[in-house]
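Summary of the model geometry
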Amino acid sequence: MRWWSAANLVSNAGTWMQLTAQNLLVLHLTGSAAATGLSLSVQAAPGLLFGVLGGSVVDAWPRRLTATVSQALLALVGFLTAALVLTDQLSVPVLMALGAVTGLVATVDAPACALLGNDLVPPRDLPSSIALGSVVSGAGRVGGTALAGVVVSWWGPGAAYVANGVSFLAVAAVIPFLRPHPAAGPQGPAARARTAPRERPAPRTASRTAAPASERRGTGARDGLAFFLSRPRLVALAGITAISSVFGRNYGLTLAVLVTGPLGGAAGSFGTVSTVLAVGGVAGAVLAGRLRSPSVRLVGALAATGAVLQIAAGLSPTLWVLLLLVAPMAVVESVSDTAGTTVLQTDPPSHLRGRVLGVWRTASTGWSLVGPPLLGLLMQTAGARGALVTGGVLIAGTIGAAAVLRTRRTAARNPATHHPTTVAYTPLPAARPAPAARPAPAARPAPAARPTPAARPASADRPAPAARPSSAGRPVPVALAACAAPGHGELCAAGCASVA
């Protein structure tokens, strides 16, 4: 896990370095800010169009192989762009095309790397792993953006593309040495096929569509979409994240206008606010690492709390008050993101996680493209303060209304539990006194045991029966055999009387 985290730190730094250099390069080639925004939209468009298909590829192939190939392809695109920049052969259409290829490969690379990192830890440590990934991503973003300015100013934008290509190769070199945790479950279709219990083949007349999406083991994109839509908690998570991303969390835009406008601050003041946001995000990621079983309710509560803080930030009278509110806003946002990502990656079964992440990538790309224009229109209409306050009210109101609606639906399904029926009280007649218990009859005394009659004493004067003389002259006993040669006063062994 340490090698994987270190490789991701290098890769994130290289990615942000290339993104910064790309914005500077497009601005240098065209001199238009609109073209810069268009280049970012072109790179994000494949995630919107092919996100679900990318997740299907992740479920169809082993994750380590998929991640290695995707990282190698991204490195190749980086080196090709660097060569075109260094030879002065790069044009805006070619740069747009290379950006689209990068976005297309990222539709496979992002879910593959996310699931591969989760396979390295046991399920109980998954929130900690995701929180560590958030810390690494934040650190790579800050470091890569800072390094881009130095690299571009010294060696030009081509050097930034070379550095990003090297960072992708570093990740590809680490992946073959990673060993999934045994408790993480099987990875890849072959491993899942080995560990899955053998089932009898279904009859030919049975319809394949009768099985729920969670039990199918194919790689169709529709199965992932069907599973996503059949899970109310995933749909609720998407709704909470969408409205929070559109009307809140775009602090780089809203707070910049608020600081430089109504609060009368300079660019340095906004830099201070950005630093506090970054520190709060890292602190929130560390705090989120202590989560064990986050839920959609927790995500909703955190989003509503962030919305209330956003309203307070929009009403802040001075910069110092804003700084005091920005830190908890960043903490709440970071914990909410980690909790939501944990729910997203643990709710679907293993054979559907890639496709579910693909559906999420498609949806998140959609609201990330729609959000900034809507927020900009709101700021143009209501101002920076009005946009923050209105956005916070919309977020908190929507989440609160959804919670009330869910409570009512639950109450309608279980009326006996939530709405007990009122029963009229009817007094019962007085109970009759129980009759006195009769005394138990005295036990009769047991009859005295009869004495055992004493054995009759053998008469001493009774002569022993004489033996009849036989024909051979030997005496034959008639009734009892006499002792052969008893001593004087002894008893016979056969019970005869003593012989004098």
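Above this note sits the structure.
Rules used in this analysis
- Residues numbered from 1 in each chain as written.
- Predicted model: local features only at pLDDT ≥ 70, side-chain atom pairs only at ≥ 80, totals over all residues.
- Heavy atoms only, no water.
- Helix = DSSP H or I, 4+ residues; strand = E, 2+ residues; numbered from the N terminus.
- Contact = heavy atoms within 4.5 Å.
- Areas by Shrake-Rupley, 256 points an atom, 1.4 Å probe, with all protein chains shown as cover.
- Patch = residues over 30% accessible without salt bridge, like charges linked within 9 Å, V, L, I, M, F, W, Y side chains within 5 Å.
- Salt bridge = Lys/Arg side-chain N within 4 Å of Asp/Glu carboxyl O.
- Lys, Arg positive; Asp, Glu negative; His and termini not counted.
- Charge placed at Lys NZ, Arg CZ, Asp CG, Glu CD.
- Buried < 20%, exposed > 50% of the residue type's maximum accessible area, 1.4 Å probe, protein only.
- Expected span 1.5 Å × (residues − 1).

**As for the overall build of the protein**
Looking only at helices and strands, the protein features 15 helices and 2 strands. For the protein, contacts bridging at least 24 residues in sequence account for 79% of all contacts bridging at least 6. Accessible surface, the protein: about 29000 Å² in total, of which carbon and sulfur atoms supply 65%.

**Description of a positive patch on the surface**
Together, Arg-297, Arg-406, Arg-409 and Arg-413 line one region of the surface with positive charge. The biggest single contributor to the positive patch is helix α14 (residues 353–413), with 3 residues. Under the relative-accessibility criterion, Arg-413 is labelled exposed at 68%.

**Some thoughts on the pattern of salt bridges**
On inspection of all chains with the given rule, the structure shows 6 salt bridges. In this structure, Asp-223 engages Arg-355 in a salt bridge whose closest nitrogen and oxygen atoms are separated by 4.0 Å. Highlighted residues: Asp-223 in helix α8 (residues 221–230) and Arg-355 in helix α14, separated in sequence by 132 residues. One continuous salt-bridge network, built from bridges that share partners, spans Asp-59, Asp-223 and Arg-355.

**Quick notes on helix α6 (residues 157–174)**
Here α6 is 18 residues long and its end C-alpha atoms lie 27 Å apart, about the 26 Å a rise of 1.5 Å per residue gives. Those residues of α6 that fall on the buried side of the exposure criterion are Gly-158, Ala-160, Tyr-161, Asn-164, Gly-165, Ser-167, Phe-168, Val-171, Ala-172 and Val-174. Residues of α6 that are buried make contact with α1 (2–30), α3 (63–86), α4 (92–118) and α5 (126–155).

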